[in-house]
Amino acid sequence: MEDWVRTTAIPIIVTGGREVTPLPPQLDISTGYDDLRSELPRAGAASAAERGEQRIQAAVARAGLTEILVPLMGSDMSDTISEWAATLTNDAVLERVNHLAQARHSHQEALKATGQLAAEVRGYMGRHHEPDRG
C-alpha cells in the first residue's frame, strides 16, 4: 500500500500522471518544502516496513548485547550496559552484533570483539556516571 501511494496515488494527484521521479519512501510528505528537489537526495530509501523490521532487529540486538556482556563485565554492570546499548542507533547496534556474529568462528576474534564492546561500555560509563565519593 505504501509503495502504491508513493509511486502512483501522489504523483497522479499532484501532476496528473505517473511519469515522474518516484518519491523516496522516507520523504516527509506532510511538510511543505521550498525546494522539493533539494530534499529528495536527503530522504532515505528504506520503506516503512523495512524500517519497522530494522527497529525490531535492533531491539532484540540490544537485549542480546546486554546478555553477552553482563557475564563478562559482571551483573552489577547490567543497567549500565543496557543504558549504553540504548544510546546506540539501530544501525550501530546491528553493526556491533554483525561483528560479533562474524567473530564467532574464532575464539580469539570473539574475545577481541567482546573486549571492544566492553571497552565501549567502560568509556560510556566514564563519560556518564559520576564516581562514588564516599
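Notes on the structure follow. Every value quoted in this text rests on a predicted model; they were computed, and no experiment measured them.

With that settled, consider the packing of helix 5 (residues 90-103) against helix 6 (residues 107-128). Direction vectors running N to C along helix 5 and helix 6 enclose 155°, while the axes themselves pass 8 Å from each other. By the angle class used here, helix 5 and helix 6 are roughly antiparallel. By crossing handedness, the relation of helix 5 to helix 6 is classed as left-handed. Between helix 5, through R96, H99, L100 and A103, and helix 6, the contact on the second element is made entirely by E109, A110, A113, T114, Q116, L117 and E120.

Evaluation of the coordinates by the stated rule reveals one salt bridge. With its nearest N and O atoms 3.0 Å apart, the salt bridge here joins E120 to R96. Here the residue E120 occupies a position in helix 6, and R96 occupies one in helix 5, the gap between them amounting to 24 residues. Classification of R96 by relative accessible area gives buried; the value is 19%.

Attention now goes to helix 3 (residues 48-73). For an α-helix, 3.6 residues make a turn, and residues three or four places apart therefore share a direction. Under the 1.5 Å per step criterion, the end-to-end length of helix 3 is 36 Å for 26 residues, consistent within 8% with the ideal 38 Å. Burial in helix 3 covers these residues: G52, A58, A61, R62, L65, T66, L69, V70 and M73. Contacts from the buried residues of helix 3 go to helix 4 (78-87), helix 5 and helix 6. In the stretch just after helix 3, G74 is the one whose phi turns positive, near 110°.

Attention now moves to the packing of helix 4 against helix 6. Contact pair helix 4 / helix 6: the axes reach a minimum separation of 10 Å and the direction vectors enclose 95°. Between helix 4 and helix 6, the angle is such that the two are roughly perpendicular. Taken together, the residues of helix 6 that come into contact with helix 4 (itself represented by T80, I81, E83, W84 and T87) are L117, E120, V121, Y124 and M125. Residue composition of the contact of helix 4 with helix 6, by class: six nonpolar, two polar and two charged.

What follows is about the environment of P11. In this fold, P11 is placed in helix 1 (residues 2-15). Expressed as a C-alpha distance, the spacing of P11 and L69, which sit 58 residues apart in the sequence, is 49 Å.

Criteria and cut-off values
Residues numbered from 1 in each chain as written. Predicted model: local features only at pLDDT ≥ 70, side-chain atom pairs only at ≥ 80, totals over all residues. Heavy atoms only, no water. Axes fitted to C-alpha atoms, helices over the stretch in contact; angles between N-to-C directions. Helix = DSSP H or I, 4+ residues; strand = E, 2+ residues; numbered from the N terminus. Parallel < 35°, antiparallel > 145°, perpendicular 65-115°, else oblique. Left-handed = near helix turned anticlockwise from the far one by under 90°. Contact = heavy atoms within 4.5 Å. Salt bridge = Lys/Arg side-chain N within 4 Å of Asp/Glu carboxyl O. Buried < 20%, exposed > 50% of the residue type's maximum accessible area, 1.4 Å probe, protein only. Expected span 1.5 Å × (residues − 1). Nonpolar A, V, L, I, M, F, W, Y, C, P; charged D, E, K, R; others polar.

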